[in-house]
Each structure stands twice: as structure tokens, then as C-alpha cells.
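Descriptive structure summary
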Amino acid sequence: MNETVVQLRDTVATRGYGKALAALLRAGDLVVLSGALGAGKTTLTQGIGAGLGIRGQVASPTFIIARVHPSTTGGPSLVHVDAYRLGSLDELEALDLDASLDESVTVVEWGEGLVEGLAEDRLEIAIERPHGAGRASDLAGPVELAHDGSAGQPDDDGSSGTRTVTVRGVGPRWAAIVLPVVG
Amino acid sequence: MADLHAPGTLVLGIETSCDETGVAVVRVGPDATELLFDAVASSMDEHARFGGIIPEIASRAHLEAMVPTVQHALAGAGVGLTDLGAIAVTAGPGLVGPLTVGSAAAKALAVALDVPLYGVNHVIGHAAVDELVHGPFPERLMALVVSGGHSSLLLVDDIVTGVTELGSTLDDAAGEAFDKVGRLLGLPYPGGPHIDRFAREGDPTAIRFPRGLTAAKDQAEHAYDFSFSGLKTAVARWVEARQDAGEEIPLADVAASFAAAVADVLTAKTIAACRRNGIDTLVIGGGFSANSQLRDLAAARCAEAGIELRIPPIRFCTDNGAMIAAVGAAAVRRGLPPSALDLPVDSSMPLESVLV
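Residues numbered from 1 in each chain as written. Chains lettered and ligands numbered in written order. Predicted model: local features only at pLDDT ≥ 70, side-chain atom pairs only at ≥ 80, totals over all residues. Heavy atoms only, no water.

**What to know about the overall build of chain A**
Short version of the rule: Think of it this way: any DSSP run of H or I at least four residues long counts as a helix, any run of E at least two long counts as a strand, and we number them from the N terminus. Working definition: with a 1.4 Å probe on protein chains only, accessible area under 20% of the residue-type maximum means buried, over 50% means exposed, and in between means partly exposed. Note on contacts: a residue pair qualifies if any of its non-hydrogen atoms lie within 4.5 Å across the two residues. For every accessible area listed, the method is Shrake-Rupley and the probe measures 1.4 Å; residues are considered covered only by the protein chains on display.
Helix and strand counts for chain A come out as three helices and seven strands. Across the 183 residues in chain A, those meeting the buried criterion constitute 56%. In chain A, of all internal contacts separated by at least 6 residues, the share reaching a separation of at least 24 is 74%. Element-wise, carbon and sulfur atoms account for 49% of the exposed surface of chain A, whose accessible area totals about 7,900 Å².

**A closer look at empty space enclosed by the protein**
Residue and element names in this part refer to chain B. What counts, and what does not: For each structure, a 1 Å grid was placed over the protein atoms alone; sets of points admitting a 1.4 Å probe that cannot get out are labelled cavities, open sets with protein on both sides within 12 Å along at least five of seven lines are labelled pockets, and lining residues have an atom within 4 Å of a point. Grid points are joined across faces, edges and corners, and a volume is the space filled by probe spheres set on the points. Nonpolar residues are Ala, Val, Leu, Ile, Met, Phe, Trp, Tyr, Cys and Pro. Charged residues are Asp, Glu, Lys and Arg, and all others, Gly as well, are polar.
Per the counting criterion, the structure on display carries three cavities of 30 Å³ or more. Looking at the largest cavity, its volume works out to about 60 Å³. Along the walls of the largest cavity sit Asp31, Ala32, Thr33, Glu131, Leu132, Pro136, Ala326, Ala329, Ala330 and Arg333, which together make up its complete lining. Put simply, the parts of the chain that give the lining of the largest cavity at least two residues each are α5 (130-134) and α12 (321-333). In terms of residue count, α12 provides more of the lining of the largest cavity than any other element does, four residues in total. Counted by class, the lining of the largest cavity contains six nonpolar, one polar and three charged residues.

**A look at the confidence of the model for chain A**
To keep it simple, the criterion reads: The predictor reports its confidence for every residue as pLDDT, a score running from 0 up to 100.
Looking at chain A as a whole, its pLDDT mean stands at 83, while 78% of the residues score no less than 70. For the stretch residues 135-143 of chain A, pLDDT sits under 50, and the model shows 20 contacts to residues farther than four places along the chain or on other chains.

**Considerations on the sheet that holds strand β5 (residues 104-109) of chain A**
Residues and elements named next belong to chain A. Spelled out, the test is: When DSSP locates at least two bridges between a pair of strands, those strands are taken to pair. Axis geometry follows a simple rule: fit a line to the C-alpha atoms, using only the stretch in contact for helices, then measure angles between N-to-C directions, giving values from 0 to 180 degrees.
Taken in spatial order, the seven strands line up as β1-β7-β6-β2-β5-β4-β3 in an open sheet, and their pairing is mixed. Strand pairing shows two members of the sheet lacking a second neighbour, β1 (2-8) and β3 (66-69), which therefore form its edges. Neighbour-to-neighbour, the strand axes of the sheet open up by a mean angle of 15°, direction not taken into account. Helix-sheet contacts for helix α1 (residues 11-22) involve β1, β6 (122-128) and β7 (163-170), and the interaxial angle to β1 is about 150°.

**Regarding the packing of aromatic side chains**
Residue and element names in this part refer to chain B. Put simply, the test is: Classification of ring pairs rests on two measures: the distance between centres of Phe, Tyr or Trp rings, Trp counted by its six-membered ring, which must be within 6.5 Å, and the angle between planes, read as stacked under 30 degrees, edge-to-face over 60 and tilted in between.
Inspection of every chain in the model, using the stated rule, returns four aromatic pairs over all chains. Here Phe178 and Phe258 contribute two aromatic rings whose centre-to-centre distance is 4.7 Å and whose plane-to-plane angle is 45°, an arrangement assigned as tilted. In this pair, Phe178 sits in helix α6 (residues 174-184) while Phe258 sits in helix α10 (residues 251-276), placing the two residues 80 residues apart along the sequence. Phe258 matches Phe178 in its accessibility class, with the two residues each being buried. Summarising the aromatic geometry, the rings of Phe178 and Phe288 are spaced 4.8 Å apart at their centres and angled 65° between planes, so their arrangement reads as edge-to-face. Placement of the pair is Phe178 in helix α6 and Phe288 in the loop between β9 (281-285) and α11 (292-305), with a sequence separation of 110 residues. As far as burial versus exposure is concerned, Phe178 and Phe288 are alike and both buried.

**So, the pattern of salt bridges**
To keep things clear, this is the line we draw: Salt bridge, as used here: a side-chain nitrogen of Lys or Arg that lies within 4 Å of a carboxyl oxygen of Asp or Glu.
Summed over the entire model, instances satisfying the criterion amount to 18 salt bridges over all chains. The salt bridge partner of Arg129 of chain A is Glu240 of chain B, with a shortest N-O separation of 2.8 Å. Of this pair, Arg129 of chain A sits in the loop between β6 and β7 while Glu240 of chain B sits in helix α9 (residues 229-244), on two different chains. Across the pair, Glu240 of chain B and Arg129 of chain A agree in class, each one buried. Salt-bridge contacts for Glu247 of chain B lead to Arg242 of chain B; the nearest nitrogen and oxygen are separated by 3.6 Å.

**Re the environment of Ile65 of chain A**
All names here are of chain A. You can see Ile65 is positioned in the loop between α2 (41-52) and β3. Looking at Ile65, the relative accessible area reads 1%, which means it is buried. Counting along the chain gives 44 residues from Ile65 to Glu109, while the straight-line C-alpha distance between them is 9.9 Å.

**Here's the deal with the pairing of strand β3 (residues 33-42) of chain B**
All names here are of chain B. Across nine bridges, the pairing between strand β2 (residues 20-28) and β3 is antiparallel. What sits directly across from Val23, in β3, is Ala39. Here β2 folds back onto β3, and the loop between the two strands holds four residues.

**Looking at the sheet that holds strand β6 (residues 141-146) of chain B**
Residues and elements named next belong to chain B. Ordered by their spatial adjacency, five strands build an open sheet running β8-β7-β6-β9-β10, and the pairing between neighbours is mixed. If you trace the sheet from one side to the other, it starts and ends with β8 (162-168) and β10 (308-310), each paired once. On average, each strand axis in the sheet is inclined to that of its neighbour by 25°, with strand direction left out of account. In this sheet, β10 lies alongside β9 in parallel orientation, the contact comprising three bridges. Directly across from Leu282, in β10, lies its bridge partner Leu309.

**Structural notes on the packing of helix α2 (residues 55-77) of chain B against helix α3 (residues 96-113) of chain B**
Residues and elements named next belong to chain B. Going by this rule: Orientation labels follow simple angle bins: below 35 degrees gives roughly parallel, above 145 gives roughly antiparallel, 65 to 115 gives roughly perpendicular, and whatever is left gives oblique. Take the far helix as the reference: if the near one is turned anticlockwise from it by less than a right angle, the crossing is left-handed, and if turned clockwise, right-handed.
Close contact between α2 and α3 brings their axes to 8 Å; oriented N to C, the two are set at 20°. Looking at the two axes, α2 sits roughly parallel to α3. For the element pair α2 and α3, the recorded crossing hand is right-handed. Residues Pro55, Ala58, Ser59, His62, Leu63 and Met66 of α2 touch α3, and the partners they reach there are Gly97, Pro98, Val101, Gly102 and Ala105. Grouping the amino acids of the contact of α2 with α3 by side-chain chemistry returns seven nonpolar, four polar and no charged.

**Brief notes about α1 of chain A**
All names here are of chain A. So the rule is basically this: In a helix, the anticipated span is given by 1.5 Å times the number of residues less one. Polar contact is the term for a pair of N or O atoms within 3.5 Å; when the atoms are in protein, one must be able to donate a hydrogen and the other to accept it, and sequence-neighboring residues count only if both atoms are side-chain atoms.
Its 12 residues place the ends of α1 16 Å apart at the C-alpha level, agreeing with the 16 Å of an ideal helix rising 1.5 Å per residue. Listed as buried for α1 are Ala13, Thr14, Tyr17, Gly18, Ala20, Leu21 and Ala22. Where α1 begins, the capping side chain belongs to Asp10, and its oxygen is found 3.2 Å from the backbone nitrogen of Val12.

Now the structure itself:
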């Protein structure tokens, strides 16, 4: 089993690691992301998107289930899937995407237990965030923003804390690939 | 082909971007558009059983509901198919399958009746529908469209030809954050209305949850963008910490404090955008505008800033056909060329393209 574990200290590092992964990804690859609410799955996908050089803001695709980002460099498109609201997913093709998965890099959030059967070769990425409260969220008191829409003081955005990321390459495609150890 | 500029042109609007099949008939007047009837069929009950939208189920539900909903809308408006002068349909953004069902129906009607077809942006419809309720828009306005799929701030010089996207969410939409927090609090899907209900009984200042993208360093690049992902994470971690300590979760206070954070950021950034652009009218649309904290805070802050606040009644904030007919009617009144009969649907249609 080809596996590596990395520690990513903030969202910048998470995006950087996504970029490093993107350098390994090619058309037809499937990436399955797992992790609790707020682990950083979309953040990692933003990094993958930046590395692939795709068009559009990589945001949560929960509402439309899947968003297709075409490449700006002639490379593979990014198909960003959120299986969060899906009870079952027999075939990714059933999503009726405007893109061929053979010609795209497909990243599925919340896909564990749903999509493994789709591809013999896949990258399984588990992101673990710190458990329990961050520092700023325990402060009480009046909280309204100033008239210019800004906070009077620097604000913890709730995403702080080191992420432990376990990357597992499954199948012959990934057997001999050296997985990145830092972003 | 019908004379588009004849007074009284009837426009049929068809909306199928998600789980509601909406069909409405409006009459284009010289100044204002009049809503004749609005019919909606929802597959929400079927999705609730699965804890979320299943695209395949939504597509089939639209297919089954389409003809009866069109008939319902026409009967309600007291008109026949051949009275229609134009068809407007949601071209995006939304779920590809449902969008395809709606656009196929619209194309068939346009061809059969030999009337123009307009492919319309769903998100713009959420703002445009307010013209049917509260009358014609002023020359310039700000629109905040907030729903399960969208959180966008739009500067509107013209609802069809002059929409500028000032900002949008970089991660989760406002309604989506509510649904996700609802799930982590163990509330049924969709979580939004449940959190709203608990929040009314809680203390919004009990817990200081973060306000995304409001720090000084974010003002240059993201003054009008939103981020609710960090907030969602903060709520998850706060709840975990209490659970780990074996404490009871104060549901009402968590819900109220979370909802306060969302309403605070949405209204503060929107009012700031109005002030900086010299705008004195704000329209809030989309399903999340049903949220009571957002409504209350927006009303208070608009009053303080001298901004007229327009929020359509809730039935016009959730997805409906009237919002699509409203954009179609605005296009007809401006004499804009119709869309091609082979117009594509676009699941991630950019907001600055109002028509395809």
C-alpha cells in the first residue's frame, strides 16, 4: 500500500499541498476526500484546482452536487463532486456531468463508502482536523461588525489548527508514485 | 412570430433548477409587469426521505410535474397556450438534469407556438421577482441573493443588461452552512428552518462565533465576498468540545449565535457596499431571505443607513416560475433578442450573464 501522512498547519499549507498533488494528477484520475465537517476538503480541492490551472472559483459544490472546471492550459478539467447530499451513488456517470471523466480529474468530497467501486485506481485522502473548540469561538460579548463591514479586531476564521492528512494510493496506477510529503 | 412589443405580451416562466417545478404567467405592461398566476410543484418530500436532493429523483419529478404545472398556471391565469407571447426558462445555474427537463419543455413550447425563447439566469431571477411584488426597480440598486446554493452581492444598473457581481461566497453558501450546521446538531433536513426556530429562543450573543472575511487584511481583496466554511467549522468544534466534556449542548444559544454571525456578515458587507456605491435601495432575495435574523438585522441596519429595503414575500423567495417570467418580461420590454432555440443549460452559469 502506497501511503503517506503529512501535517498541514493552516489553510495556506493545505492549498499548497493540493497544488503538489495536482502535479501528479492526470486525466482519468479519481480522488476521494474524507473528513468531518470543516476538515478542509474544499480547501484542499482549491489547491488541486490552482495546480491544475482551471477556470472558476472552487467553492463547495454541495448545491449543484458537481461542478466542472475546464482547464485554462489545455490540461484535464477538474470535476468537483460533493456526495454529501447523495444517499447513494451507483455510478458517477449518473450525475449527467457535462464532462467525460476519462478526460478529467475527478475529486469527490464525502465519497467514502460510495465511490470506491468506481475505479480500481484512486487516491484516498483522509483529512483530520483538531477536535473541539478553537480559541476565539469561546469569547462572549457584543459582536456586531463596524459600518464598513469589517471587524474591529483580527478574527479567527474558525479554520485554524493543524490538519493531519493521510494520502493512500490504491491500485497499480499509484503503486510506484512518490506521494508528496510537504506542500 | 408574435409582435413582441404589442402591449400586454404574456410571458410564461419555467423554473426547474433544483427541486421545485415552477411555472408562472406574467403580463408585460408599459411600465410594470403584472403577475397573473404562479404554480409550484415540489419534490421536497421525496428528497427529505433521503436527507437531501437526489438529482435523478429531481429530474423525474420535474418530468412528471411539468405538463400539469403548465396547465395549472395557464388555467389560474385564465389564458390559453396560444395567448402566450414568449417563453422564459432557467438556463442555469443549478442541477444539470432538472435544468435540461425545464429547457426541453420550454423549447418545445417555443417551437410549437412560434414565440421567442429566453434562457434566464436563476440567481438574477431571485432579485427580479421583486419587481412583480413591489413595482419597477429604481435606476440603481443593490441585490443580495442568498439561498442554499448562492450567496451573492450584485450591483444592478439594469436587471437584464447591467448586473455586476461585487462578491460571492468563496466556499459554502449561507443556506448551505445552515443545512450543514443543522446536520451536526442532529436536526432534520433541511436544517435552515429548524435552526431559525431554535435561534428565536436563544441568546445571539451567547457564543462569539467568527465573522468570515471581515478582518482588515481581507478588505482589499474580499470586501464583498463571503466565507461561511470557517464559521461552520467553529460551530462544529464548539459543539464537540461540549460533547467531549459531557455537557449538554445549548441548542437555542448555538443556533442563535450561529445565525447572528451569518446575518451580521451578510448585512454589514451589503450595507457597506450600498454606502460605497451611493445606493439607496436594497433587494434581498433567495430562499435564505426567509431567515428571521437576517430579515430583522437587515431592516434595522437599512433604516439606520436610510436605505429602502425590499424583500419579496417568502413564496417568491423560494424557487418559483414568477422569478424567471420576471426576467423574461424585462427582456421583452427592453426589446432584447431572444436566445437560440438550441440554448445550452449551464450548471455554473456566471451571474453577469443574465440571458443566454
